[in-house]
Amino acid sequence: MREMEINKQLIYYALFTGYTDMVDSNGYKTGEKTKTYSDPVPLRINVSPVWGNAQREGFGIDLPYSRTLSTDDLNCPIAEDSILWIGIATSKPHNYYVVRKAKSLNDIVYAVREVKLSG
């Protein structure tokens with residue numbers, strides 16, 4: 001069955017683009033690398049409520065995740081290393097990241113995990 005537009009929410013995603021060398025305050029490379037991402041892109045997609053049993057079983061019980069996203073767009077570019085902004089502005093740090101992607105003949109389901117902020 002096709003996904004209804006009324007059930008979709010607006011989220012933003014950014015794709016992993018590679019690693020960048022970190023530099024210190026003097027401009028010298030530190031030898032460490034940091035992940036870099038594309039600019040956030042808007043997307044309307046189905047977002048599950050937090051922790052649904054039916055969704056968790058689709059990926060197995062050993063994969064902890066907070067929500068699932070689903071789409072019938074088989075060309076959706078979101079990948080397992082993408083970051084997400086769900087329910088917040090892109091001016092804030094991302095609050096979810098993709099843990100797993102499961103593609104079938106008719107749809108794609110993403111398991112996403114909430115970012116734990118240290119404070």
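Since we're looking at a predicted model, the values are computed, not measured.

1. Brief notes about the sheet that holds strand 7 (residues 96-103)
So, step 1. In spatial order, the strands read 1-4-5-8-7-6; together these six strands close into a barrel with antiparallel pairing. Averaged over all adjacent pairs, the angle separating strand axes in this sheet is 45°, with direction ignored.
So, step 2. The sheet contact formed by strand 5 (residues 67-71) and strand 8 (residues 108-114) spans five bridges and is antiparallel. Paired with Thr68 across the two strands is Ala111, which belongs to strand 8.

2. A short note on the packing of aromatic side chains
So, step 1. Considering all chains together, one arrives at two aromatic pairs under this definition.
So, step 2. Ring centres of Phe16 and Tyr19 lie 5.2 Å apart, and the angle between their planes is 75°; on these two criteria the pair is classed as edge-to-face.
So, step 3. Assessed through its relative accessible area of 26%, Phe16 is described here as partly exposed.
So, step 4. Accessibility expressed as a relative area gives 52% for Tyr19, which makes it exposed.
So, step 5. Note on Phe16 and Tyr37: the rings are 5.9 Å apart at their centroids and 70° apart in plane angle, and the pair reads as edge-to-face. Here the residue Phe16 occupies a position in strand 2 (residues 16-23), and Tyr37 occupies one in strand 3 (residues 29-37), the gap between them amounting to 21 residues.
So, step 6. Note on Tyr37: relative accessible area 28%, which makes it partly exposed.
So, step 7. Three or more aromatic residues joined by ring pairs form one cluster here, namely Phe16, Tyr19 and Tyr37.
So, step 8. Over the aromatic face of Phe16 sits the side chain of Lys35, whose NZ or CZ is 6.0 Å from the ring centroid.

Criteria and thresholds
Residues numbered from 1 in each chain as written. Predicted model: local features only at pLDDT ≥ 70, side-chain atom pairs only at ≥ 80, totals over all residues. Heavy atoms only, no water. Pairing = 2+ DSSP bridges. Helix = DSSP H or I, 4+ residues; strand = E, 2+ residues; numbered from the N terminus. Axes fitted to C-alpha atoms, helices over the stretch in contact; angles between N-to-C directions. Phe/Tyr/Trp six-rings, centres within 6.5 Å; stacked < 30°, edge-to-face > 60°. Buried < 20%, exposed > 50% of the residue type's maximum accessible area, 1.4 Å probe, protein only. Lys NZ or Arg CZ within 6 Å of the ring centre and 35° of its normal.

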